[in-house]
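Here's the letter readout for the chains.
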Amino acid sequence: MTEAPRLTFTRLAGSPGRGGLLIVGPSLGTSVAALWGTTATLLAGHFDVIGWDLPGHGRSVPATEPFTVGGLAAAVRRGTAGLWNGDRPAWYAGVSLGGAVALELALTPGMFDRVVCIAAAARIGDMAAWHERADLVRHDGTSALVPGSKRRWFAPGFAERAPDTAERLARSLTGTDRESYALACEALAAFDLRGQLHRSVVPLLVAPGEHDVVVPPSSAARTAAIAPGAALRVLDGCGHLPPAERPAAVAALLTSATRELS
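Parameters at a glance
Residues numbered from 1 in each chain as written. Predicted model: local features only at pLDDT ≥ 70, side-chain atom pairs only at ≥ 80, totals over all residues. Heavy atoms only, no water. Buried < 20%, exposed > 50% of the residue type's maximum accessible area, 1.4 Å probe, protein only. Helix = DSSP H or I, 4+ residues; strand = E, 2+ residues; numbered from the N terminus. Pairing = 2+ DSSP bridges. Right-handed = clockwise from strand over helix to strand, strands pointing away. Axes fitted to C-alpha atoms, helices over the stretch in contact; angles between N-to-C directions. Parallel < 35°, antiparallel > 145°, perpendicular 65-115°, else oblique. Contact = heavy atoms within 4.5 Å. Nonpolar A, V, L, I, M, F, W, Y, C, P; charged D, E, K, R; others polar. Core = buried A, V, L, I, M, F, W, Y, C linked by side-chain atoms within 4.5 Å. Arc of directions from axis to C-beta. Salt bridge = Lys/Arg side-chain N within 4 Å of Asp/Glu carboxyl O.

K.L.:
What should I look at first to understand the pairing of strand E2 (residues 20-25) in this one?
P.N.:
Looking down a regular strand, the side chains alternate between one sheet face and the other. Counted residue by residue, E2 has 6 buried out of 6 residues, so it is predominantly covered. Taking every second residue as pointing to the same face, both faces of E2 are buried, with Gly 20, Leu 22 and Val 24 on one and Leu 21, Ile 23 and Gly 25 on the other. Pairing analysis gives 5 bridges linking E2 to strand E3 (residues 47-53), with the strands arranged parallel. Bridging from a neighbouring strand, Gly 20 pairs with Phe 47 of E3. Remark: the E2/helix H1 (residues 32-42)/E3 crossover connection has right-handed handedness. When E2 meets strand E4 (residues 90-95), the two strands line up parallel, connected through 5 bridges. Bridging across to E4, Val 24 finds its partner in Ala 93.

K.L.:
Help me understand the packing of helix H4 (residues 127-140) against helix H8 (residues 178-190) in this model?
P.N.:
Relative to each other, H4 and H8 sit at 175 degrees, their axes nearing to 8 Å. When the interaxial angle is binned, H4 and H8 end up roughly antiparallel. In this structure, H4 contributes Met 127, Trp 130, His 131, Arg 133, Ala 134, Val 137, Arg 138, His 139 and Asp 140 to the contact, and H8 contributes Arg 178, Glu 179, Tyr 181, Ala 182, Leu 183, Cys 185, Glu 186, Leu 188 and Ala 189. In the contact of H4 with H8, the residues fall into 10 nonpolar, 2 polar and 6 charged.

K.L.:
I keep staring at the sheet that holds E2 and nothing clicks. Help me out?
P.N.:
Strands pair in a sheet through their backbones, by hydrogen bonds, and they do so in one of two ways: parallel or antiparallel. The strand order across the open sheet built from 7 strands is E1-E3-E2-E4-E5-E6-E7, with neighbouring strands paired in mixed fashion. Two strands close off the open sheet at either side, each with one partner strand: strand E1 (8-13) and strand E7 (231-232). When strand E6 (residues 204-207) meets E7, the two strands line up parallel, connected through 2 bridges. When the bridges of E7 are listed, Val 206 appears paired with Leu 232. Packed onto the sheet, helix H3 (residues 97-105) meets E2, E3, E4, strand E5 (114-118) and E6 and runs at close to 140 degrees relative to E4.

K.L.:
Mind showing me how you'd approach the nonpolar core here?
P.N.:
Generally speaking, a soluble globular protein has its nonpolar side chains buried in company with each other. Ranked by internal contacts, the top residues of the largest apolar core, which has 93 residues, are Trp 36 and Tyr 92. The greatest single-element share of this core, amounting to 8 residues, is contributed by H8. Aside from chain neighbours lying at most four places away, what touches Trp 36 is Leu 12, Val 24, Gly 25, Ala 93, Val 95, Ile 118, Pro 243, Val 250 and Leu 254.

K.L.:
What should I look at first to understand helix H5 (residues 146-153) in this one?
P.N.:
Every α-helix winds through 3.6 residues per turn, so residues three or four apart in the chain are directed the same way. Inspection of H5 places Val 146, Gly 148, Ser 149 and Trp 153 among the buried residues, and these make up the whole buried set. Considered in projection along H5, the buried side chains sweep an arc of 155 degrees and stay on one side of the axis.

K.L.:
Just to check I follow, could you spell out the pattern of salt bridges for this structure?
P.N.:
Side-chain pairs of opposite charge can arise where the charged atoms are in close proximity. Scanning all chains against the criterion turns up 5 salt bridges. Between Glu 179 and Arg 138 there is a salt bridge, with the nearest N and O atoms lying 2.8 Å from each other. Here Glu 179, found in helix H8, pairs with Arg 138, found in helix H4; they are 41 residues apart in sequence, far enough to count as distant. According to the relative accessible area criterion, Arg 138 is partly exposed, its value standing at 29%. Salt-bridge contacts for Glu 167 lead to Lys 150; the nearest nitrogen and oxygen are separated by 2.5 Å. Taken as a pair, Glu 167 in helix H7 (residues 163-174) and Lys 150 in helix H5 lie far apart in primary sequence, 17 residues in all. Looking at Glu 167, the relative accessible area reads 35%, which means it is partly exposed. On the accessibility criterion, Lys 150 (27% relative accessible area) is partly exposed. Because the salt bridges share partners, they merge into one network encompassing Arg 138, Glu 179 and Glu 186.

These figures capture arrangement, not role.
See below:
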């Protein structure tokens with residue numbers, strides 16, 4: 001099994017060496033630019049914002065072998081090591097599968113000063129359901145997921161209020177490599193840190209969306225309760241993709257959390 005898949009990293013906002021380093025990660029089925037672009041722009045005065053794409057999503061090449069969430073975290077550490085030399089604070093924030101990576105990163109000291117887990121938990125969903133979705137995508141492609149994803153991704157009424165954003169993310173999903181998406185589903189099927197997160201050593205902020213049906217606030221709260229010293233902040237008015245739904249609120253969350261640690 002490939003433990004560190006190939007990921008592509010892209011500067012979304014800011015400039016090298018200015019401000020703290022913020023690495024942001026995407027949700028399953030989205031490119032990091034589609035999900036984080038507006039939020040990253042709002043953070044440009046505070047952070048040098050670098051995003052990474054999942055295998056077969058956005059700018060990353062498709063996966064050819066299975067991978068794990070831990071393998072993604074290893075790839076993030078490897079891919080960002082050259083951006084961080086200890087002379088500025090380094091943060092990580094990820095959404096959904098990217099948020100699961102945040103929890104893996106919280107277990108390893110030495111690079112990030114804080115990790116932020118958005119719309120994710122120590123266990124996400126049901127193993128059988130993830131395998132069923134992987135089978136569906138292998139057979140019918142990612143376009144078969146678009147109607148259901150719009151219901152899962154957003155708070156009630158958001159797609160109607162912001163159709164351009166909803167369509168941008170839907171296009172991101174249909175452009176995703178089907179095998180890479182299926183392998184990511186299988187990685188989530190195997191992901192479970194409920195028995196390990198008590199060993200986390202990096203300060204952790206858990207930030208669920210108020211209306212998230214994939215990872216409800218109650219599930220996120222149970223995750224925060226496991227990790228020593230973890231903070232919980234519910235993002236009002238959000239579903240499963242807060243950086244797209246309420247970019248200003250997510251930017252404010254990250255900048256205020258920076259001040260808390262200063």
